[in-house]
Amino acid sequence: MSATIISGTETAKAIREELKQEVADLLEKHQIVPGLVTFLVGENPASQSYVAAKNKTAHALGIHSEQVTLPEDTTEAAILELVAKYNQDAKIHGILVQLPLPKHINETKVLYAIDPAKDVDGFHPVNVGKMVLGEQCYLPCTPHGILELLVRSGVQTSGAEVVVLGRSNIVGKPIANLMLQKRPGGNATVTLCHTRTRDMAVHTRRADIIIAAVGVPKLVTADMVKDGVVIIDVGVNRIGMSESGKAILAGDVDFESVKEKASFITPVPGGVGPMTITMLMKNTVQAAKQAAGLN
Ligand code: NAP
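What counts, and at which threshold
Residues numbered from 1 in each chain as written. Predicted model: local features only at pLDDT ≥ 70, side-chain atom pairs only at ≥ 80, totals over all residues. Heavy atoms only, no water. Helix = DSSP H or I, 4+ residues; strand = E, 2+ residues; numbered from the N terminus. Rg over C-alpha atoms; globule rule 2.2 N^0.38 Å. Buried < 20%, exposed > 50% of the residue type's maximum accessible area, 1.4 Å probe, protein only. Contact = heavy atoms within 4.5 Å. Areas by Shrake-Rupley, 256 points an atom, 1.4 Å probe, with all protein chains shown as cover. Lys, Arg positive; Asp, Glu negative; His and termini not counted. Charge placed at Lys NZ, Arg CZ, Asp CG, Glu CD. Salt bridge = Lys/Arg side-chain N within 4 Å of Asp/Glu carboxyl O. Pairing = 2+ DSSP bridges. Axes fitted to C-alpha atoms, helices over the stretch in contact; angles between N-to-C directions. Core = buried A, V, L, I, M, F, W, Y, C linked by side-chain atoms within 4.5 Å. Domains from an automatic or database assignment. Near = heavy atom within 4 Å. Polar contact = N/O pair within 3.5 Å; in protein donor to acceptor, adjacent residues only side chain to side chain. Nonpolar A, V, L, I, M, F, W, Y, C, P; charged D, E, K, R; others polar. Parallel < 35°, antiparallel > 145°, perpendicular 65-115°, else oblique. Left-handed = near helix turned anticlockwise from the far one by under 90°.

Asks: Even after reading the chapter, I still don't get the overall build of the chain, so can you show me in this structure?
Replies: Each helix and strand in the chain was counted, giving 10 helices and 11 strands. The C-alpha radius of gyration of the chain comes to 19 Å, within 12% of the 19 Å expected for a compact globule of 295 residues. Buried positions account for 48% of the 295 residues belonging to the chain. Summarising the internal contacts of the chain: among those between residues at least 6 apart in sequence, 70% fall at separations of at least 24. Put simply, the chain shows about 13900 Å² of open surface, and 54% of that area lies on carbon and sulfur atoms. Of the side-chain charges in the chain, 29 are positive and 30 negative, and the distance between the mean point of each set is 3 Å.

Structure (structure tokens):
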């Protein structure tokens, strides 16, 4: 048996088409253009390319996007002042501060300064708290993307044994939380593993669904999974460089061996990655609608 590949690229494309239509309808029926501002502080090349990709996607969907580019030595006070300005700007519905910020800036202080109604990354404690309570809020983009992949692929999560590997605030903890809630993509029995877990394979071998978000290349091998498992591989690990100078990426799962036992599996690249930016756009459109009292 070889697994069905869950293509994040294709799923993201379908969601972007839906969003494009939604943005066009908002303009035609309500004269609303969703607006997103991205903050880029310093010259981290990975952050530069993430922010560029976010702006490009926004533009392609008809979302107004602004980029605030600041030098490495910008003070915390200056960033807080700019965040406060965009909190008041009616054209802007979503504010995204690209992480990591330079070391002299307190990231928590900056993220907490964003108006929760414009927190399209879903990192503000108000949104995190609402998520845990199962209330309407902005879901963090990567876990939100994982839920969409599972639901749109027809994976049965209700009653499933789900094992999440990794307990970060941006992936592991929120996806574990979302999958135990009473909602589509939820109702699972969830186990969360981390570096202090005594024997990870004991858990992964009985899992119906494994969500791997550890940042360790090919940590999950075929002997650690049962036949028919569903694999969502969040990991993005650089394992080398091609002759043409392109980074060679691997996930947290040994794709080649595990795909022979799995029923569904996401590839790296082309799995969870393309979904993350798409869900940021979805949250921005949701923010624009909420600001206008439309949902
Ligand atoms: P992170 O903050 O570094 O957290 C990693 C988690 O994995 C920690 O909880 C750590 O446990 C656990 N872990 C590390 N090594 C382990 C091991 N050998 N056994 C068991 N648990 C282990 O990472 P993250 O930000 O969640 O990201 C995880 C991966 O996903 C990275 O490769 C990242 O690049 C990728 N990612 C991809 C996307 C996307 O859009 N595709 C988005 C976000 C992240 P402790 O807590 O005990 O240290």
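Asks: Any chance you could explain the environment of G185 here in plain terms?
Replies: With respect to the helices, strands and loops of the structure, G185 is situated in the loop between α7 (172-179) and β6 (189-193). Non-local contacts of G185, meaning those with residues more than four positions away in its chain, are made with L147, V151, T157 and M179.

Asks: Got a minute to help me understand the pattern of salt bridges in this structure?
Replies: Here the structure, examined in full by the defined rule, presents 9 salt bridges. In this structure, the salt-bridge partner of E256 is K259, at a minimum N-O distance of 3.0 Å. Measuring nitrogen to oxygen at the nearest pair gives 3.3 Å for the salt bridge that ties K259 to E260. Within this structure, E18, E148 and R152 form a network of salt bridges that share partners.

Asks: Just to check I follow, could you spell out the sheet that holds strand β3 (residues 64-70) for this structure?
Replies: Strand pairing within a sheet occurs via backbone hydrogen bonds; the two strands may be parallel or antiparallel. The 3 strands are arranged β3-β2-β4 in an open sheet whose pairing can be described as parallel. Only two strands of the sheet have a single partner each, and these edge strands are β3 and β4 (94-97). Strand-to-strand twist in this sheet, taken as the mean axis angle between neighbours without regard to direction, amounts to 15 degrees. One ladder, built from 4 bridges, connects strand β2 (residues 35-41) with β4; its direction is parallel. Residue V37 lies in a different strand from β4, and its bridge partner there is I95. In the packing of helix α3 (residues 76-88) onto the sheet, the strands contacted are β2, β3 and β4, and the crossing angle to β2 comes to about 175 degrees.

Asks: Help me understand the sheet that holds strand β1 (residues 4-5) in this model?
Replies: The 6 strands lie next to each other as β1-β11-β8-β7-β5-β6, forming an open sheet whose pairing is parallel. The open sheet has two edge strands, β1 and β6, and neither has a second partner. Both strand β7 (residues 209-212) and strand β8 (residues 230-233) contribute to a ladder of 4 bridges, which runs parallel. Counted as the bridge partner of I210 is I231 from β8. Contacting β5 (161-165), β6 and β7, α7 runs over the sheet at an angle of about 165 degrees to β6.

Asks: I tried to follow the side chain of T11 on my own but got confused; where do I start?
Replies: Looking at the secondary structure, you find T11 in helix α1 (residues 8-30). Residue classification places T11 among the buried residues on the basis of a relative accessible area of 14%. Setting aside anything within four residues of it in sequence, one finds T11 in contact with L149, R152 and M275.

Asks: Even after reading the chapter, I still don't get the nonpolar core, so can you show me in this structure?
Replies: Among the nonpolar cores identified, the biggest contains 47 residues, and I146, M179, I211 and M281 are the most heavily contacted of them. When residues of this core are assigned to domains, at least three map to each of domain 1 (30-117) and domain 2 (142-274). Residue contacts for I146: discarding those within four places in its chain leaves V171, I175, I211, I232, V234 and V272. Of all hydrophobic cores here, the second largest spans 18 residues; its members include V220, M224, I231 and A262.

Asks: For this particular structure, what's the right way to read the site of the ligand?
Replies: The immediate surroundings of the ligand are formed by 20 residues, with R167, S168, T195, V236 and T276 found nearest. Within the side chain of R167, an N or O atom sits 2.7 Å from an oxygen atom of the ligand. The contact in question runs from an oxygen atom of the ligand to an N or O atom on the side chain of T195, over 2.4 Å. Surface burial for the ligand is 68%, taken as the share of its 940 Å² of free accessible area covered by protein chains. The residue makeup of the shell around the ligand, split by class, is 9 nonpolar, 10 polar and 1 charged.

Asks: Could you clarify how one ought to interpret the packing of helix α2 (residues 45-61) against helix α10 (residues 273-291) in this entry?
Replies: Working note: a packed helix pair is described by the angle between its axes plus the distance between those axes. Where α2 meets α10, the axes come as close as 10 Å, and the angle between the chain directions of the two elements is 55 degrees. Relative to α10, α2 is oriented oblique. In the crossing of α2 with α10, the sense of the turn from one axis to the other is right-handed. Across from A53, K54, T57, A58 and L61 in α2, the residues of α10 making contact are I277, L280 and M281. Here the contact of α2 with α10 is composed, by residue class, of 6 nonpolar, 1 polar and 1 charged.

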